[in-house]
Amino acid sequence: MKSSIKKTEEDWKKILTKEQFYILRKKGTERPFTGKYWDNHQKGTYYCAGCGNPLFDSETKFDSGTGWPSFFAPIENSSIETKTDYSHGIIRTEASCSKCKGHLGHIFDDGPPPTNMRYCMNSDALKFKPKESS
Ligand SMILES: [Zn+2]
């Protein structure tokens, strides 16, 4: 078991921006095509905005046309927790950070090969670090 992070809502409010708090802690969704990463094509790593847990590599990012950053696989399956989400009258798979339990987005099974999965994430749940060019 990885150590999980326990913080109160008040603690999170202090360290997160309003947008990050809304998504990570309130399971919000940013409006498509408004986030900072849906159209990011730089090479690098995407970390959890709440706790810095490495979640996705830019190698697995693809243009889904949805307006949200989309990936076909996480860096490690254990870095993401999944749960069936019945909200809004539809059944979806919710993705959250395994370390801080922050809400990241949803997972769909209409992605590209090799996994055919689509990790539909919110930009504000992620923090991108570009790969240093050597
Ligand atoms: Zn996290």
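For the structure itself, consult the block above.
In this report, we go over the structure that sits alongside the text.

### Quick word on the overall build of the protein chain
1) Next: Each helix and strand in the protein chain was counted, giving two helices and nine strands.
2) Next: Along its sequence from the N terminus, the protein chain presents helices and strands in the succession α-α-β-β-β-β-β-β-β-β-β.
3) Next: Its C-alpha radius of gyration of 14 Å places the protein chain within 12% of the 14 Å reference for a compact globule of 134 residues.
4) Next: In terms of its C-alpha atoms, the protein chain occupies a principal-axis envelope of roughly 45 × 40 × 35 Å.
5) Next: In the protein chain, which comprises 134 residues, the share counted as buried stands at 46%.

### Let's talk about the nonpolar core
1) Next: Ranked by internal contacts, the top residues of the largest apolar core, which has 23 residues, are Phe-56, Leu-104, Met-121 and Leu-126.
2) Next: Mapped by element, the contributors of at least two residues to this core are α2 (18–24), β1 (44–48), β2 (54–57), β6 (92–97), β7 (103–108), β8 (118–121) and β9 (126–130).
3) Next: Looking at this core, the element that brings in the most residues is α2, giving three residues.
4) Next: With residues near it in sequence (within four places) discarded, Phe-56 still touches Gly-44, Thr-45, Tyr-46, Phe-71, Ala-73, Pro-74, Ile-75, Ile-80, Tyr-119, Met-121 and Leu-126.

### So, the pairing of β7
1) Next: In terms of burial, β7 is largely enclosed, as five of its six residues are buried.
2) Next: Here β7 runs beside β8; their pairing, made up of four bridges, is antiparallel. Residue Phe-108 lies in a different strand from β8, and its bridge partner there is Arg-118.

### Digging into the coordination of the zinc ion
1) Next: Every protein donor of the zinc ion is accounted for by Cys-48 (SG), Cys-51 (SG), Cys-97 (SG) and Cys-100 (SG), and the metal-donor separations fall at 2.3 to 2.4 Å.
2) Next: Coordination at the zinc ion comes from four donor atoms whose angles at the metal span 102 to 113°, giving a geometry best classed as tetrahedral.
3) Next: Sequence positions of the donors to the zinc ion reduce to the motif C-x2-C-x45-C-x2-C. With Cys-51 in the loop between β1 and β2 and Cys-100 in the loop between β6 and β7, the pair connects residues that are 49 residues apart, well separated along the chain.

### Here we look at the packing of aromatic side chains
The description of an aromatic ring pair uses the distance of the two centres, along with the angle that the planes make with each other.
1) Next: Within this structure, the stated rule accounts for seven aromatic pairs.
2) Next: Summarising the aromatic geometry, the rings of Phe-33 and Trp-38 are spaced 4.9 Å apart at their centres and angled 85° between planes, so their arrangement reads as edge-to-face.
3) Next: A relative accessible area of 26% means that Trp-38 is categorised as partly exposed.
4) Next: Both rings, one in Tyr-37 and one in Tyr-46, keep their centres 5.5 Å apart while their planes meet at 80°; by these two values the pair is edge-to-face.
5) Next: Tyr-37 gets classed as buried once you look at its relative accessible area, which sits at 10%.
6) Next: Joined through ring pairs, the aromatic side chains of Tyr-37, Tyr-46, Phe-56, Phe-71, Tyr-119 and Phe-128 make up one cluster.
7) Next: Here the guanidinium or amino end of Lys-7 rests over the ring plane of Trp-12, the centre of that ring lying 5.7 Å away.
8) Next: One cation-aromatic arrangement involves Lys-129 over Tyr-47; the distance from NZ or CZ to the ring centre is 5.4 Å.

### Topic: the sheet that holds strand β3 (residues 61–62)
In a beta sheet, neighbouring strands are held together by backbone hydrogen bonds and run either parallel or antiparallel to one another.
1) Next: Taking strand neighbours across the sheet as the criterion, the six strands line up as β3-β4-β8-β7-β6-β5 in an open arrangement whose pairing is antiparallel. Edge positions in the sheet fall to β3 and β5 (80–85), since each has one partner strand and no second.
2) Next: Alignment of β6 against β7, held across four bridges, turns out to be antiparallel. Of the residues in β7, the one forming a bridge with Ser-96 is His-103.

What counts, and at which threshold
Residues numbered from 1 in each chain as written. Predicted model: local features only at pLDDT ≥ 70, side-chain atom pairs only at ≥ 80, totals over all residues. Heavy atoms only, no water. Helix = DSSP H or I, 4+ residues; strand = E, 2+ residues; numbered from the N terminus. Rg over C-alpha atoms; globule rule 2.2 N^0.38 Å. Buried < 20%, exposed > 50% of the residue type's maximum accessible area, 1.4 Å probe, protein only. Core = buried A, V, L, I, M, F, W, Y, C linked by side-chain atoms within 4.5 Å. Contact = heavy atoms within 4.5 Å. Pairing = 2+ DSSP bridges. Donors = N, O, S within 2.8 Å, 3.2 Å for Na, K, Ca; no water. Tetrahedral: all angles 85-135°; square planar, octahedral: opposite > 155°, others 65-115°. Phe/Tyr/Trp six-rings, centres within 6.5 Å; stacked < 30°, edge-to-face > 60°. Lys NZ or Arg CZ within 6 Å of the ring centre and 35° of its normal.

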